[in-house]
Amino acid sequence: MMTVNEVSKLTGVSVRALQYYDTIGLLPPAEYSDAGYRLYDDTALEKLQQIMLFKELEFPLKEIKSMIEAPDFDREKALTQQIELLTLKKEHLENLIQFAQQIKTSGVTPMDFNVFDTSKIDAYTREAKKQWGQTAAYKEYEERSNNQAPDTKKVAWQNLMLLFVEFGKMRQNAPGDECVQLQVKKLQDYITGHFYHCTNEILQGLGRMYASGGEFTENIDKAAGSGTAVFVAEAIESYLGTGVRSISSSDIH
């Protein structure tokens, strides 16, 4: 565990900003010490990395909160974009350094302003924002989230985790067993009913995310038992490969 001051020194994010992130529910600490001090674990630091990524992409904090809390948040995609954006910025800075060194060495100021051009960075940022902020699933999630009371959101997430608890009780079964497949259908319908329309494509992406080893994997396994996240991912793959056409909504009641 790290204190808020240690996290600030490690990340460069001010203590005041970290306290504000906690206040608005963007980055709550993992727990509080007996003296009431904020404490952060590796999962919280991983989440902070994602927040810092989207700040680089110039998203408002409110939008960042909605996106990283969305069930279809793709951590791997976000990291790929982070690498690409930082690479572009690195190239831009290297060009500026070379330009300044040229002026210093030659004593001549060339009338070339292309080195100050940030159009590639700007274009990439716009495209990333478009991908995250304009998908139908994100828009639907954001609209529903904005219209819900905090207690309603909390209950929706709690009930979602209860579905994973049920999966955890089924781990002795094969992923393709009928009871497991019915639970996948129940999960898909629940996400559609409470967050956004969960298509088969989105469901597949969710399954892969559950098993990716990130925050979702840890949360699912913590609530439902070690290995549950991977089991759910395997069940979803089975469901989409063989069982999706044979299960109707009425079968789960």
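Reading the values: the criteria
Residues numbered from 1 in each chain as written. Predicted model: local features only at pLDDT ≥ 70, side-chain atom pairs only at ≥ 80, totals over all residues. Heavy atoms only, no water. Pairing = 2+ DSSP bridges. Helix = DSSP H or I, 4+ residues; strand = E, 2+ residues; numbered from the N terminus. Phe/Tyr/Trp six-rings, centres within 6.5 Å; stacked < 30°, edge-to-face > 60°. Buried < 20%, exposed > 50% of the residue type's maximum accessible area, 1.4 Å probe, protein only. Contact = heavy atoms within 4.5 Å. Core = buried A, V, L, I, M, F, W, Y, C linked by side-chain atoms within 4.5 Å.

Moving on: the sheet that holds strand β1 (residues 2-3). Here we have 3 strands laid out as an open sheet, ordered β1-β3-β2, and antiparallel in their pairing. Looking along the sheet, the strands with just one partner apiece sit at the ends: β1 and β2 (31-32). Two elements, β2 and strand β3 (residues 38-40), share 2 bridges in a ladder whose sense is antiparallel. Its bridge partner being in β3, E31 is matched across the sheet by L39.

Our focus in this paragraph is the packing of aromatic side chains. This model, assessed by the stated rule, comprises 4 aromatic pairs. Linked through ring pairs, W157, Y190 and F195 together constitute an aromatic cluster.

Here the focus is the environment of Q50. Relative to the elements of secondary structure, Q50 occurs in helix α3 (residues 42-56). Judged by relative accessible area, Q50 falls into the buried class, the value being 5%. On a C-alpha basis, the gap between Q50 and I68 in space is 7.7 Å, while along the polypeptide they are 18 residues apart. Those residues in contact with Q50 that sit more than four places away from it in its chain are I68, F73, R75, A78 and L79.

Our focus in this paragraph is the nonpolar core. As a rule of thumb, nonpolar side chains are buried together in soluble globular proteins. Within the largest apolar cluster, 28 residues are counted, with the highest numbers of intra-cluster contacts made by L160, F164, F167, L187, I191, L206 and Y210. The greatest single-element share of this core, amounting to 6 residues, is contributed by helix α12 (residues 228-243). Dropping the residues within four chain positions of it, L187 is found in contact with L160, L163, F164, F167, Y210, V232 and I236. Y21, A44, I68 and L85 belong to the second largest nonpolar core, which has 25 residues in total.

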